[in-house]
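Commentary on secondary and tertiary structure
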Amino acid sequence: MLIRDRAALLRRASLLSLILGATAGAAHADDNAVSDVIVTARRPLAESQAAALQIQKNSDSLVSVLSADAVGALPDQNIAFAVGRLPGVGVERDQGQARYINLRGAPVYWTTLSFDGLSVVSPEGRATRFDNIPSAIASLITVEKAIVPSMPGDTVAGNVDIRTRRAFDYKGQKITGKLGVGRVKLGGGDEYDTNLVYSNVFGDRFGLVAQASYYSREMATDNWETDPYLSNTVDPTKHFAREHENKHYRLTRENISASIRADYKFDDNNSIFASTINTYYHDDELRDNFIFRLDQGTDAAGNSYTSAAYINANNPVFGTSYGARINGRIDYRNSKEAMSTNTVGGEHRWNKFSASWRLNYTYTQDGRDTPVTMAFQSPSSFLLRPTVEYDFRDGDVNTVKLYQTGGVTGARTRGAQVTNIEDFQFPLTSAGNLKGGDYTNAYTAKADFDYDGELAGHETKFEFGGLWTDRTKKSRESSFTRAFSGAGVPTWAQFASNIGYLGSQNLNYTFRYTNKDYTTNFVDELVRTGQATKNDTTANYWRVGETITAGYAMATTRFDWGNIVYGARVEHIENEGQAYVAFPTGQRLVKVKSDDTLYYPSAHLNWNLRDDLKLRVGVTTSASRADFDDLRPNYTFSDANQTVSGGNPDAKPERQVGLDTYLEWYAGRETFVSAGVFYKDLKDVLVQTSRTFGDTALNSNGVDRSGYAYSSIGNAGEGHLQGIELFFSGTAETFVQDHGLPSWLGGFGTRLSGTWTSSKVTLPSVGGVPARTISVLGTSDAVYNVQAIYEKYGMTLRLAYQYRTPWGQSVGAYRTVNGGVYPTDNGDIFWDSDEELDFSARYQVNKNIEVFFDASNLTNQGSRRYGDQSRYPIEFEKFGRRYVGGLRFNF
């Protein structure tokens, strides 16, 4: 089958990379005889690119490949960073760290993940997080953009296949690793990046490879948020922010991985293996938060922030709110995300017939433990609250100034400026904790077969196979809370440390960070002594099960000019869900079931116009299913309003039909040019809808709720996504040699890619708002990747730049006012344009040791979100530059 052929190519490419490095080193050995300076001729980026291009050229479908160099490590720390260098790939970041992958402008949940060709479920569900997978785990990474029948049907935009290391990739024992130490400029935190790989072959039959990695980053952030915006009926063109807040993060993020793979060869045609891949992501995050509730103040005349008098007389971006409230928060989040995927399998061949099989168990945990959550609030007297001058005119630097409040009700005055926020009163109102998360168990059995035969006189490979997978995801949590009031209530000062602000914003006030150990012990003591009450979290429990039974048949028919790959896949999906719903008589467990059968035909043409020029044309079908938490029956209903809201167990998959046309020119061993166009027709797009409930699941005690108005995710949108992708990769080596130029010029190289996308989804009319169109969420109009490379004399320098234009994050609510359509609060939410500039330097000291230096986020551009329009920013955050240096070893 195609995936197995690709795996063979990957093995050859990995060996090719090693051979190239060894040959280059041997060639330079003669130079060492006449020089006291020991240098080597390895060119890891060029060699990796050459291996990757060989795989791409020989593939029977559209792929982009990233090959690790012979030292055993990619320059980027996690898979999202690494894949983000490839053409057509955009990344979404969290706290400055690449997390999600957008392939060719598509939503993140259209990208699937597999290890060694076997798809696995992500801890978060359909949207795969790639920041918890270290790049050290990969030998090669293949981004499969064209869908073939042997791939799961929910692979819409493409699949990221991570080929893990195998002992038979090397001859005998091999030990590689990395030791890196660095600094995060913002907050002055430490950064560590290490990994170790051990591989050995015993008796030519048994191979064992073990890998472990550890990454840690300690940092602070600059963050402000101004939202939500209050649209009103008095003057809907004026959007006043309800509140402004500063979120002061201190956090440590850790990525830990460990994997073991054992292979045994009975003979050249029969082998078995067992592997376990374990990744662990830990986010230790302490957030001190000051929220200035502007809407709970007035103007000088005492007019309410939301009244017509205030709205008509004041400016939404610069003004004063007298007697505003301070809401303080302390949230210590100790979230853990884990994945363990365990596989046994085998490869067998009998003459022209081949078979492979896999049995897999995957467990994931998406934790949301919050050992501390505290709320503080200003007292009711406006004289004890601050007067807040807000200045949102810049849009990138929203600020507030705090003053004392004087006067009387209806005639308020602004007093002296206050620069220490603790001078105001905002005592503790509640404290508690939460433990819980989402947990998934997935069992998979997969078998694939192929036969080398003929069809109408042409060499044809026939492939067929099946897959069965059963996934169950459930959510559970428990929490405790204690309310505080009256005299003697603790204040912020009781929990404060002696650490001042670590960021770089001009806050116009000072504060002290809180003490994590003290606050944690304080809450633990409340729970231990029974002072905190356990909350009823039954309504937050849910479970969704999904069973997929799939089969496919396909063939690859070869001609003198290339080949055609064609076939179809069928999948039968059964879903069951259960959740607790609050009825007038108490909580009741509601259970639902649904099933669907989907068909996915596809065809691909690979035409060798010349030996170095290939045309690829593909027609594909796919479907993206609603996420697990969207399928849960966690309904909430109101008999008074006759409304129902919640999940939608009956949500059908989004359907897509795609067309890809790409031209690839392999101009040399290190030079590659590609140009392509792509188009996807979209049906049954999942959007927020309002319709009649139409189900008897909530009927009780003679009350029929089947006719209630139902607000939930549903299939209502239609649209398309289309784009152009261009890519160039090359070095000056051949040109310099052919023209007799100085050899040092041959070290220059570059990689350039650009993806331009346009899309449209029609949203149905909701709540009297006319139907409207938006771009597909996650789609940027343009994504650029630019790399400038110099490799010569054992030195590798790379300057890498990524840029993408704004993209939609979520769809918001709108309403009609005087014939116009305005957001209810923030409306649709967008991420603003994003860029990152990184630099890496590597020098090969000898054949075993390489030193490196990496500098990340050199431009220190902030992440910015806005609601409805760019002039309404709702968040801005900066993360600082990062520097790491160290060594890699290879024995």
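Residues numbered from 1 in each chain as written. Predicted model: local features only at pLDDT ≥ 70, side-chain atom pairs only at ≥ 80, totals over all residues. Heavy atoms only, no water.

**Observations concerning the overall build of the protein**
Rule in force here: Helical segments are the DSSP runs of H or I of at least four residues, strand segments are the runs of E of at least two, and each set is numbered from the N terminus. Two things to know: the radius of gyration comes from C-alpha atoms, and the globule rule equals 2.2 Å times the number of residues to the power 0.38. Three labels apply to residues, based on accessible area from a 1.4 Å probe with only protein chains included: buried if under 20% of the type maximum, exposed if over 50%, partly exposed otherwise in between. Contacts are assigned to residue pairs that have any heavy atoms within 4.5 Å of one another. Per-residue accessibility takes into account occlusion by the displayed protein chains alone, with areas from the Shrake-Rupley method and a 1.4 Å probe.
Each helix and strand in the protein was counted, giving 7 helices and 47 strands. Against the compact-globule benchmark of 29 Å for 891 residues, the protein has a radius of gyration of 29 Å, which places it among compact chains. Reported as C-alpha extents along the three principal axes, the dimensions of the protein are approximately 90 × 75 × 55 Å. Of all 891 residues assigned to the protein, the portion counted as buried reaches 57%. Here the contacts in the protein between residues at least 6 apart in sequence split such that 72% fall between residues at least 24 apart. In the form shown here, the protein has an accessible surface area of approximately 34600 Å², with 54% of it arising from carbon and sulfur atoms.

**Points about the nonpolar core**
Quick reminder of the rule: Here, nonpolar core means buried Ala, Val, Leu, Ile, Met, Phe, Trp, Tyr and Cys residues that are tied together by side-chain atoms lying within 4.5 Å of each other.
Formed by 44 residues in total, the largest nonpolar core has its most connected members in M374, I421 and F522. Once you skip the residues sitting within four places of it in the chain, I421 turns out to touch F290, F292, I326, L402, F426, Y509, T510 and F511. L66, L86, V120 and I141 belong to the second largest nonpolar core, which has 41 residues in total.

**Concerning unusual backbone geometry**
Residue D227 is joined to P228 through a cis peptide bond whose omega torsion reads -5 degrees. Within the secondary structure, P228 is located in the loop between β11 (222-226) and β12 (229-230). Within the chain, A456 stands out as a residue other than glycine whose phi angle is a positive 55 degrees. Its location among the elements puts A456 in the loop between β23 (428-455) and β24 (458-483). Its identity is not glycine, yet N508 carries a phi of approximately 70 degrees, on the positive side. Mapped onto the elements of the fold, N508 is located in the loop between α5 (492-495) and α6 (516-528).

**Some words on the sheet that holds strand β22 (residues 411-417)**
Basically, it comes down to this: Note: two strands are recorded as paired if DSSP finds a minimum of 2 bridges between them. Axis definition: a line fitted to C-alpha atoms, over the contacting stretch in the case of helices. Angles run 0 to 180 degrees between N-to-C directions.
With antiparallel pairing, the 4 strands of this open sheet are ordered in space as β16-β20-β21-β22. The open sheet has two edge strands with one neighbour each: β16 (318-321) and β22. Between one strand axis and the next, the sheet turns through 35 degrees on average, direction left out of account. With 4 bridges joining them, β16 and strand β20 (residues 387-391) adopt antiparallel strand pairing.

**Remarks on the environment of S645**
Position of S645 relative to the elements: it lies in strand β31 (residues 643-645). Distance from S645 to Y710, taken between C-alpha atoms, is 5.6 Å for residues 65 residues apart in sequence. Contacts of S645, omitting those with residues within four sequence positions, involve N634, Y635, T636, Y710 and S711.

**Quick notes on α6**
The condition that has to hold: Given a helix with a known number of residues, its expected span is that number minus one, times 1.5 Å. In this context, the arc is that of the directions from the helix axis out to the C-beta atoms. Polar contacts here mean pairs of N or O atoms no more than 3.5 Å apart (in protein, one a potential hydrogen donor and the other a potential acceptor; neighbouring residues in sequence count only if both atoms are side-chain atoms).
Helix length check: α6, at 13 residues, gives a terminal C-alpha distance of 18 Å against a target of 18 Å (1.5 Å per residue), a fit within 8%. When we look at burial in α6, the residues that qualify are T519, T520, F522, V523 and L526. Down the axis of α6, the sector holding all buried residues measures 160 degrees, keeping them to one side. With respect to the buried face of α6, the exposed residues turned more than 90 degrees away are D517, N521 and R528. Structurally, α6 contributes buried residues whose contacts are with β17 (325-350), β19 (370-377), β23, β24 and α5. Looking at where α6 begins, the residue whose side-chain oxygen comes 3.1 Å from the main-chain nitrogen of D517 is N515. Note on α6: the residue one or two positions beyond its end, G530, has a positive phi of about 80 degrees.

**Let's talk about the pattern of salt bridges**
Quick note on the threshold: Definition used for salt bridges: Asp or Glu carboxyl oxygen within 4 Å of a side-chain nitrogen of Lys or Arg.
Inspection of every chain in the model, using the stated rule, returns 58 salt bridges. With its nearest N and O atoms 2.9 Å apart, the salt bridge here joins R99 to D131. Here R99, found in strand β3 (residues 97-103), pairs with D131, found in the loop between β5 (118-119) and β6 (138-144); they are 32 residues apart in sequence, far enough to count as distant. Looking at D131, the relative accessible area reads 0%, which means it is buried. Residue D828 is joined to R772 by a salt bridge in which the shortest nitrogen-to-oxygen separation is 2.8 Å. Here R772 lies in strand β36 (residues 772-774) and D828 lies in the loop between β41 (820-823) and β42 (829-831), a separation of 56 residues in the sequence. For D828, a relative accessible area of 6% gives the class buried. Salt bridges sharing common partners tie together D94, R99, E124, R129, D131, R253, D283 and E337.

**Let's talk about the packing of aromatic side chains**
Note the cut-off: Here is the rule: rings of Phe, Tyr and Trp (six-membered ring for Trp) pair when centre to centre is within 6.5 Å. Planes less than 30 degrees apart are stacked, more than 60 are edge-to-face, and the remainder are tilted.
Overall, the coordinates contain 45 aromatic pairs when judged by the stated rule. Where Y501 meets F511, the ring centres are 5.8 Å apart and the plane angle is 50 degrees; that geometry is what we call tilted. Taken as a pair, Y501 in the loop between α5 and α6 and F511 in the loop between α5 and α6 lie far apart in primary sequence, 10 residues in all. Taking 6.2 Å as the distance between ring centres and 35 degrees as the angle between the ring planes, the aromatic pair formed by F889 and F891 counts as tilted. Take F889: its relative accessible area is 15%, and that puts it in the buried class.

**Re the side chain of E725**
Assignment of secondary structure puts E725 in strand β34 (residues 709-731). In terms of polar contacts, E725 uses its side chain to reach the side chain of K145, at 3.0 Å. Ignoring anything within four residues of it in the chain, the contact list for E725 reads P87, G88, R104, K145, Y662, S674, A675, G676, F678, G754 and T755.

**A few points about helix α2 (residues 44-58)**
The end-to-end C-alpha separation of α2 is 22 Å, in line with the 21 Å expected for 15 residues at 1.5 Å each. With 12 of 15 residues buried, α2 is to be regarded as a mostly interior element. Along α2, the residues classified as buried are P44, L45, A46, E47, S48, Q49, A50, A51, A52, L53, I55 and Q56.

**Quick word on a nonpolar patch on the surface**
This is how the line gets drawn: Within the patch definition used here, like charges are joined within 9 Å and nonpolar side chains (Val, Leu, Ile, Met, Phe, Trp, Tyr) within 5 Å, considering only residues with over 30% relative accessible area and no salt bridge.
A surface patch of nonpolar side chains, about 650 Å² in accessible area, is lined by F202, F206, Y264, F266, I272, V344, W357 and L359. Within the fold, F202 resides in strand β9 (residues 189-202). For F202, a relative accessible area of 37% translates into the label partly exposed.

**Observations concerning the side chain of S340**
Mapping S340 onto the fold places it in strand β17. Here N278 takes part through its side chain, which lies 2.6 Å from a polar atom of the side chain of S340. Beyond its immediate sequence surroundings of up to four residues, S340 is in contact with T276, I277, N278, Y361, T362 and Y363.

**Quick word on the environment of F637**
Within the secondary structure, F637 is located in strand β30 (residues 636-638). As a C-alpha pair, F637 and G827 span 190 residues in sequence and 24 Å in three-dimensional space. Excluding residues that lie within four positions of it along the chain, F637 makes contacts with V581, A582, F583, P584, T643, V644, L698 and R705.

**With respect to the confidence of the model for the protein**
Where we set the bar: The quantity called pLDDT is the predictor's confidence in a given residue, expressed from 0 to 100.
Averaged over every residue, the pLDDT of the protein is 89; the share at 70 or more is 95%. Below a pLDDT of 50 lies the segment residues 1-40, which in the model reaches 73 contacts outside its immediate sequence neighbourhood of four places, other chains included.

**What about the pairing of strand β7 (residues 158-164)?**
Counted residue by residue, β7 has 7 buried out of 7 residues, so it is predominantly covered. Side chains G158, V160, I162 and T164 of β7 all project onto a buried face; the interleaved residues N159, D161 and R163 project onto the opposite face, where all are buried too. Relative to β7, strand β4 (residues 111-115) runs parallel, the two being bridged by 5 bridges. Looking across to β7, one finds that T112 is bridged to N159. Here 6 bridges tie β6 to β7, and the two strands are oriented antiparallel to one another. Among the inter-strand pairings, T142 is bridged to a residue of β7, identified as D161.

**Brief notes about the sheet that holds β5**
Read across the sheet, 5 strands follow the order β1-β6-β7-β4-β5 without closing on themselves; strand pairing throughout is mixed. Strands with a single pairing partner mark the edges of an open sheet, and in this sheet they are β1 (63-67) and β5. Contacting β1 and β6, α2 runs over the sheet at an angle of about 150 degrees to β1.

**Here we look at the environment of F583**
Among the structural elements, F583 can be located in strand β27 (residues 562-583). As for F583 and R43, which are separated by 540 residues in sequence, their C-alpha atoms are 68 Å apart. Other than its neighbours up to four places away in sequence, F583 contacts R588, V590, F637, A697, L698, S700 and R705.

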